[in-house]
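Below, each chain spelled out in residue letters.
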Amino acid sequence: QVQLVESGGGLVQAGDSLRLSCTASGRTFGSAAGWFRQAPGKEREFVSAIRWRMGSAYYADSVKARFTISRDAAKNTVFLQMNNLKPEDTAVYYCAAHSSGSYVDSSSYTYWGQGTQVTVSS
């Protein structure tokens, strides 16, 4: 069992930055950690993932060049640095621990955090 706790969300203006954190307790993230988001009335979508040992990062096209994922293995924590935020980035952001399968598929993740709200005003 693993517990994931996110933090760092908030209300910002377009063009601002936020840094989300997610710390795992009980066990590690496994092979990878992922960030997903869900806007009202929309499906949960992949944002970014990082392979825990290698540090290889993956991004959705919509956030590439604006968001950066990183991890602190010693603290069992994954970060999502979000720059140049846009109103369309408004969503609840979830971190997740990967089990197996595609990094962009939410069904590949077993454990999820409770989510943190990110709201970007225009």
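Description of the structure in this document. (Residues numbered from 1 in each chain as written. Predicted model: local features only at pLDDT ≥ 70, side-chain atom pairs only at ≥ 80, totals over all residues. Heavy atoms only, no water.)

### Focus: the overall build of the protein chain
Along its length, the protein chain carries zero helices and 11 strands. For the protein chain, the succession of helices and strands along the chain, N to C, is β-β-β-β-β-β-β-β-β-β-β. Expected size for 122 residues packed as a compact globule is a radius of gyration near 14 Å; at 13 Å, the protein chain falls within 12% of this value. With respect to the three principal axes, the spread of C-alpha positions in the protein chain is 40 × 30 × 25 Å. The buried share among the 122 residues of the protein chain stands at 43%. Pairs at least 24 residues apart make up 54% of the contacts formed inside the protein chain by residues separated by at least 6 positions. When the accessible area of the protein chain is evaluated, it comes to approximately 6100 Å², of which 47% is carbon and sulfur surface. (Helix = DSSP H or I, 4+ residues; strand = E, 2+ residues; numbered from the N terminus. Rg over C-alpha atoms; globule rule 2.2 N^0.38 Å. Buried < 20%, exposed > 50% of the residue type's maximum accessible area, 1.4 Å probe, protein only. Contact = heavy atoms within 4.5 Å. Areas by Shrake-Rupley, 256 points an atom, 1.4 Å probe, with all protein chains shown as cover.)

### Notes on the pattern of salt bridges
Per the stated rule, a full pass over the model turns up four salt bridges. Measuring nitrogen to oxygen at the nearest pair gives 2.6 Å for the salt bridge that ties Glu45 to Arg37. By relative accessible area, which is 6% here, Arg37 ends up buried. Linking Lys64 and Asp61 is a salt bridge whose minimum nitrogen-to-oxygen distance equals 3.1 Å. For Lys64, a relative accessible area of 45% puts it in the partly exposed group. A relative accessible area of 66% means that Asp61 is categorised as exposed. Within this structure, Arg37, Glu45, Arg66 and Asp89 form a network of salt bridges that share partners. (Salt bridge = Lys/Arg side-chain N within 4 Å of Asp/Glu carboxyl O.)

### Quick look at the packing of aromatic side chains
Two measures describe an aromatic ring pair: the distance that separates the ring centres and the angle between the ring planes. Applying the stated criterion across every chain, the model contains seven aromatic pairs. Between the aromatic rings of Phe36 and Tyr109, the centroid separation amounts to 5.1 Å while the plane-to-plane angle is 80°, which identifies the pairing as edge-to-face. In this pair, Phe36 is assigned in strand β4 (residues 32–38) and Tyr109 in strand β10 (residues 109–112), connecting sequence segments 73 residues apart. Its relative accessible area of 5% is what places Tyr109 among the buried residues. On the basis of an interplanar angle of 40° and a centroid distance of 5.2 Å, the ring pair of Tyr58 and Tyr103 is categorised as tilted. With Tyr58 in strand β6 (residues 57–59) and Tyr103 in the loop between β9 (91–98) and β10, this pair connects stretches of sequence that are 45 residues apart. Among the aromatic residues, those joined into a cluster by ring pairs are Phe36, Phe46, Tyr94, Tyr109 and Trp112. (Phe/Tyr/Trp six-rings, centres within 6.5 Å; stacked < 30°, edge-to-face > 60°.)

### Structural notes on the sheet that holds strand β1 (residues 3–7)
The four strands lie next to each other as β1-β3-β8-β7, forming an open sheet whose pairing is antiparallel. In this open sheet, the two strands that pair with only one neighbour each are β1 and β7 (67–72). With direction set aside, neighbouring strand axes in the sheet form an average angle of 15°. Sheet topology note: the strand β3 (residues 18–25)/strand β8 (residues 77–82) ladder contains six bridges and is antiparallel. Counterpart to Leu18 in the pairing with β8 is Met82. (Pairing = 2+ DSSP bridges. Axes fitted to C-alpha atoms, helices over the stretch in contact; angles between N-to-C directions.)

Keep in mind these numbers describe shape, not what the thing actually does.
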